[in-house]
Amino acid sequence: MYDMDVAAINEKVLACKAEMLLSNPCFEIWLLLHAKEQKTAITTENLIKELKKCASVWKNYTKSDFTETQQTFLKGNTEIAVKRAKGLKKFQNPSTGIYKLIDLLKGQIKGRISKRTSE
């Protein structure tokens, strides 16, 4: 997973042959999509500001540090964030591929549950 707000790295990242989970402009777009739609381009700075005001749970957000309340908020709103993320254009600002990881994990969990119930 990479943020796309560092222009110098973008060409190198996009040249990789792996499935990239890119967030443009940054990871926090994924967090914001749990609370609201974001269809217009936004700077990293403005995205963080918008995140902090969109829901009280993010008021004191610190990058890469999630409170239990924030974790609960994310878990409770993951489905809507996935839906919103799928509606954005790949690599454009705003966009995120993190939903692909969520879909993959959900598929693996369903596969395990189906396997257990068939045994």
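Residues numbered from 1 in each chain as written. Predicted model: local features only at pLDDT ≥ 70, side-chain atom pairs only at ≥ 80, totals over all residues. Heavy atoms only, no water.

Enquirer: Explain the pattern of salt bridges to me, and be specific about the residues and the numbers.
Expert: Side chains bearing opposite charge may pair, as long as their charged atoms lie close to each other. The full count for this structure, using the stated rule, is 8 salt bridges. Its salt-bridge partner being Glu19, residue Lys100 comes within 2.8 Å of it at the nearest N-O pair. Remark: Glu19 occurs in the loop between helix H1 (7–14) and strand E2 (22–24) and Lys100 occurs in helix H6 (residues 98–118); sequence separation between them is 81 residues. Note that Asp103 is salt-bridged to Lys86, the shortest N-O span being 3.0 Å. Here Asp103, found in helix H6, pairs with Lys86, found in helix H5 (residues 78–86); they are 17 residues apart in sequence, far enough to count as distant. For Lys86, a relative accessible area of 47% puts it in the partly exposed group. (Salt bridge = Lys/Arg side-chain N within 4 Å of Asp/Glu carboxyl O. Helix = DSSP H or I, 4+ residues; strand = E, 2+ residues; numbered from the N terminus. Buried < 20%, exposed > 50% of the residue type's maximum accessible area, 1.4 Å probe, protein only.)

Enquirer: Hey, could you go over the side chain of Asn24 for me, with residue numbers and the actual values?
Expert: Tracing the sequence through the fold places Asn24 in strand E2. For Asn24, a relative accessible area of 11% corresponds to the buried category. Polar side-chain contacts of Asn24 include one of 2.8 Å to the backbone oxygen of Phe91. (Polar contact = N/O pair within 3.5 Å; in protein donor to acceptor, adjacent residues only side chain to side chain.)

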